[in-house]
Amino acid sequence: MKIVPPPYRIKVVEPLEMTTRAEREAYLEEAGYNPFLLPSKAVYIDLLTDSGTGSMSDNQWAGMMIGDEAYAGSNNFYHLQETIEEIMGFRYVIPTHQGRGAENILFTVMLKEGDIVPNNMHFDTTKAHVQYRKAKALDLVIDEAYDPSSQHPFKGDMNTEKLREVLTRDGDRIPLVMMTVTCNSGGGQPVSMANLREVSEIAKAFGKPLYIDSARFAENAYFIKLREEGYQDKAIAEIVKEMFSYADGATMSGKKDALVNIGGFAAFKDEEMYRKSTVWAVFFEGFPTYGGLAGRDLEAMARGLKEVLDFDYLAYRTGQIKYLADRLLEAGVPIMEPAGGHAVYLDALRFLPDMPREHFPAFALTSALYLEGGIRAVEIGSVLAGRDQETNENVYSSLELVRLTIPRRTYTERHLDAIADAVISLYQNPTRVKGLKFIYEPPVLRHFTARFNYV
Ligand code: PM9
């Protein structure tokens, strides 16, 4: 198995508590078999998310010491603004407390009831913000995205034929087009430069602005360099610049590719859009030069945005995902292929072919994985999908996945081996995975707080 060497060494460590199986059984019962309800101290390896869970560099921590905590016009805001302009080409920047803060501002300015937002694939919070305004979140990703074994190199691409169709038919209801890079809900799959370019040309032809949900923009750029013809000799920074040259603006969760624990921003090319957005920034987030963040957070984000462009960092980061994926594939474990940028997704329907859908196989697998190795993963399947708004029946989603999300610069290959060993052991002993039934089901976003017991 190929290991890409890490381009850093460890300076600070955070002790982890080791638990016994009996202790984990008690913790899990207490948590209602829901990994979201486990206390962090009960978890050995936390793969719930890669959002805000990574490690900052010494350079970022040093930057935090020069936080300028002025209410307005902090030095660190200007540093962040210059950095975003240099990297992404957006002149106008509004910091936000995290990605969804930026979505809230953008959609408050742009959306009204009855509108449609085409996106390759909306992330949950983006979709929720669109729907909250009684607008429709339309996913137009290519069909290959829904086939876990398709080896398409850019499974995050948008189906441009469908985009043209919807713009032709419903153009007057579409205030903007969005692209999510990488495509999180589709497995961290990248979008090609050719697709971004084409989507931007189509949007322009119909007079619509294009916004990029850029949470994992650098991981996307790395895949373009690796897989798309004509980009092998380009620096990541050049690729990133070209990606954003096709967009009118961006929303960003800094908790991913800005390598910070908290933060985000909205960015614009157009001054008028920026002006309209500042009104809502003040309302929701704070004065437009701090947006709910401390000056030190702005500095850490500015520095993180530069660090993430390092090729060796990205090679190691994506190499970790591939390492884990390859170990699982070698043992025959069914996963979503090819390995994406930030997570490995187990395909629970093939992992547990005999478990009925109403026993929630992917959710059940997260419980078993916790018992097996103290590993906390997250279900992306039918519990998350919820109930049909009209019939109130459970929606059994086409993909029943467990996301093993790898935090940035946090775990070593030995941790990845522990994860692989636990997953493989369950795959070889599937009777250890026990189906679940609800004992408490909240009416919305049920996966966060639902409680279960074994069927
Ligand atoms: N993504 C994730 O775990 C955070 C948890 S939300 C239950 O993958 C994209 C592509 C995301 C994303 C968050 C957001 C929102 C926007 N776009 O979490 O608000 O993956 O900073 O960003 C999560 P914030």
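Before any of the text, the structure's been laid out above.
Just so you know, these numbers come straight off a predicted model, no measurement behind them.

### Quick word on empty space enclosed by the protein
At step 1: Under the defined criterion, the tally for this structure stands at one cavity of 30 Å³ or more.
At step 2: Of the voids in this model, the largest cavity is the one considered here, and its volume is about 40 Å³.
At step 3: A breakdown of the residues in the lining of the largest cavity according to their chemical character gives two nonpolar, three polar and four charged.

### Details of the site of the ligand
At step 1: Lining the immediate surroundings of the ligand are 17 residues, of which Thr49, Arg100, Ser253, Lys256 and Arg403 lie closest.
At step 2: A distance of 2.7 Å separates an oxygen atom of the ligand from a polar atom in the side chain of Arg403.
At step 3: Here the ligand loses 91% of its free accessible area of 540 Å² to cover by the protein chains.
At step 4: Here the element with the most residues in the shell around the ligand is helix α4 (residues 99-110); it accounts for three residues.
At step 5: By residue class, the composition of the shell around the ligand is two nonpolar, eight polar and seven charged.

### What to know about the sheet that holds strand β9 (residues 343-347)
At step 1: Strand order in the open sheet made by the three strands is β9-β12-β11, with antiparallel pairing throughout. Looking at which strands have only one partner, the edges of the open sheet turn out to be β9 and β11 (378-380). Ignoring strand direction, the axes of neighbouring strands in this sheet form an average angle of 35°.
At step 2: In this structure, β11 lies alongside strand β12 (residues 401-405), joined through three bridges in antiparallel fashion. Pairing of Val378 across the sheet is with Arg403, part of β12.

### Some thoughts on helix α9 (residues 236-245)
At step 1: Buried within α9 we find Ile236, Ile239, Val240, Glu242, Met243 and Phe244.
At step 2: Elements in contact with the buried residues of α9: α3 (75-88), α7 (193-205), β6 (210-213), α8 (217-227), β7 (249-253) and α12 (311-330).

### Observations regarding the packing of α8 against α9
At step 1: Running from N to C, α8 and α9 cross one another at 110°; their axes reach a closest spacing of 9 Å. One finds that α8 runs roughly perpendicular with respect to α9. Across the interface between the two elements, Phe217, Asn220, Ala221, Tyr222, Ile224 and Lys225 of α8 pack against Ile236, Ile239, Val240, Met243 and Phe244 of α9.
At step 2: Here the contact of α8 with α9 is built from residues that sort into nine nonpolar, one polar and one charged.

### Some thoughts on the layout of surface pockets
At step 1: Counted as a void, the second largest pocket has a volume near 1400 Å³.
At step 2: If you go around the second largest pocket, you meet 40 residues; those closest to its centre are Val12, Gly54, Ser55, Arg409 and Thr410.
At step 3: For the lining of the second largest pocket, the secondary structure elements donating two or more residues are β1 (45-46), α2 (58-64), α12 and α16 (413-428).
At step 4: Partitioned by chemical class, the residues of the lining of the second largest pocket number 18 nonpolar, ten polar and twelve charged.

### Topic: the pattern of salt bridges
Any two side chains of opposite charge can pair, so long as their charged atoms come close to each other.
At step 1: For the coordinates displayed, the defined rule picks out 31 salt bridges.
At step 2: Between Asp170 and Arg173 there is a salt bridge, with its nearest N and O atoms 3.9 Å apart.
At step 3: Assessed through its relative accessible area of 16%, Asp170 is described here as buried.
At step 4: A salt bridge links Arg414 to Asp417; the nearest nitrogen and oxygen atoms lie 3.0 Å apart. A residue pair is termed a helical-turn pair when its members lie 3 or 4 positions apart in one helix, as Arg414 and Asp417 do in helix α16 at three residues.
At step 5: Several salt bridges share partner residues, and in doing so they unite Asp50, Arg216, Glu219, Asp257, Arg317 and Arg408 into one network.

Procedures and definitions
Residues numbered from 1 in each chain as written. Predicted model: local features only at pLDDT ≥ 70, side-chain atom pairs only at ≥ 80, totals over all residues. Heavy atoms only, no water. 1 Å grid on protein atoms, 1.4 Å probe; cavity = no way out; pocket = protein on both sides within 12 Å on 5 of 7 lines; lining within 4 Å. Points joined across faces, edges and corners; volume = space filled by probe spheres on them. Nonpolar A, V, L, I, M, F, W, Y, C, P; charged D, E, K, R; others polar. Near = heavy atom within 4 Å. Polar contact = N/O pair within 3.5 Å; in protein donor to acceptor, adjacent residues only side chain to side chain. Areas by Shrake-Rupley, 256 points an atom, 1.4 Å probe, with all protein chains shown as cover. Helix = DSSP H or I, 4+ residues; strand = E, 2+ residues; numbered from the N terminus. Pairing = 2+ DSSP bridges. Axes fitted to C-alpha atoms, helices over the stretch in contact; angles between N-to-C directions. Buried < 20%, exposed > 50% of the residue type's maximum accessible area, 1.4 Å probe, protein only. Contact = heavy atoms within 4.5 Å. Parallel < 35°, antiparallel > 145°, perpendicular 65-115°, else oblique. Salt bridge = Lys/Arg side-chain N within 4 Å of Asp/Glu carboxyl O.

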